[in-house]
Amino acid sequence: MSKLLRFALFGILGSLLLAACATAWPGAPAAPGGGRWFGGNFSSNGERIFYTATNDRGERIRYTGGPGFGGMMGASLACASCHGVDGRGGRRAMHMQVIEAPDIRYQALTSEGEHEEAGGHDGAEGYDLETFRLAVVEGRHPNGERLSSVMPRWQLSDEDLADLLEFLKTLP
C-alpha cells in the first residue's frame, strides 16, 4: 500500500473516530482546565468555547473557511481540533490534508517566535483583545497580512472573544 494511500486512510479513520466521539460520554478525559472535552463541567465560558465551539448560553460558535473538516458526518470544529487540547499546536491530519497549527497559548502569542515571523507583533505587548479579534474573526495577523486559509474565521461575540483570550492565558 502506498504511503499516500495509507495517509489518506488514516485521515479518514481519524475523522470518523472524532465524529463518533463528538458527544459527551461518561468518564470523558479531563481537559487541562478541568472540564471535559465534549461535555459539561467547564470552569469558564472561554474553556467551553476552546473545547466545544459552544458558549455558556448553549449557542454554537459558527465559522467560515477552515480545513474543510467541520460538519463532516456530524463532527464540528473547535479551537482544540487543530491547536490541540493544550493549545500547543503542531501537525494535524484534517480531512485528508496536513496542517501545521501554531501554538496559541498566551505565552506563545506574547513572545518572539513563529507569530512574530508570520507578521506578528513586537513581542513586548503581545496580542491584545483587538489583535486577537483580528486573527480569530478576520483571519489576519496584527500587521494586516492574511492568515492561512485553513484558519476558520469565527463569528464570536465580543464577550465570547474576551472569554476565549482569558482562557488561553491559563494554559501552561
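The text that follows walks through the structure, step by step, so that each part is easy to find. Numbering of residues begins from 1 in every chain and follows the order in which that chain's sequence is written. Totals for whole chains, interfaces and linings use every residue, but because this is a predicted model, local features are given only for residues with pLDDT of at least 70 and side-chain atom pairs only at 80 or more, for both listing and counting. Only heavy atoms go into the side-chain values, all of them from the structure, while hydrogens and water stay out.

## Quick word on helix α7 (residues 158-168)
What sets the pattern is the α-helix's 3.6 residues per turn: residues three or four places apart point alike.
Point 1. When accessible area is computed with a 1.4 Å probe and restricted to protein chains, residues below 20% of their type maximum are described as buried, those above 50% as exposed, and intermediate ones as partly exposed. Strands are runs of DSSP state E lasting at least two residues, helices are runs of H or I lasting at least four, and both sets are numbered from the N terminus onward. Residues of α7 that are buried: Asp160, Leu161, Leu164, Leu165, Phe167 and Leu168. Angularly, the buried residues of α7 cover 160° about the axis, an arc narrow enough to put them on a single face.
Point 2. Residues are treated as being in contact if the distance between any of their heavy atoms lies within 4.5 Å. The inward-facing, buried residues of α7 abut α2 (45-52), α3 (79-83), α4 (106-109) and α6 (129-138). When we speak of the arc, we mean the arc of directions from the helix axis to the C-beta atoms.

## Section: the packing of aromatic side chains
Point 1. Each aromatic pair joins two rings of Phe, Tyr and Trp (for Trp, the six-membered one) with centres within 6.5 Å, and gets the label stacked for planes under 30 degrees apart, edge-to-face for over 60, and tilted for any other angle. Scanning the model with the defined rule gives five aromatic pairs in all.
Point 2. Between Phe50 and Tyr51 the ring centres are 4.9 Å apart and the planes differ by 85°, which places this aromatic pair in the edge-to-face class.
Point 3. The buried category is assigned to Phe50, whose relative accessible area is 0%.
Point 4. Here the aromatic rings of Tyr63 and Trp154 are separated by 4.7 Å at their centres, their planes lie at 50°, and the arrangement is tilted. Here Tyr63, found in strand β1 (residues 63-64), pairs with Trp154, found in strand β4 (residues 153-154); they are 91 residues apart in sequence, far enough to count as distant.
Point 5. For Tyr63, a relative accessible area of 22% translates into the label partly exposed.
Point 6. In this analysis the charged atom, NZ for Lys or CZ for Arg, is taken to sit over a ring once it is within 6 Å of the ring centre and within 35 degrees of the ring normal. The positively charged end of Lys169 is found above the aromatic ring belonging to Tyr106, 5.0 Å away from the centroid.

## Things to note about α2
Point 1. Across the eight residues of α2, seven count as buried, placing the element largely inside the fold.
Point 2. Among the residues of α2, those classed as buried are Asn45, Gly46, Glu47, Ile49, Phe50, Tyr51 and Thr52.
Point 3. On its buried side, α2 packs onto α3 and α7.
Point 4. In the segment just after α2, Ala53 is the residue with positive phi, at about 55°.

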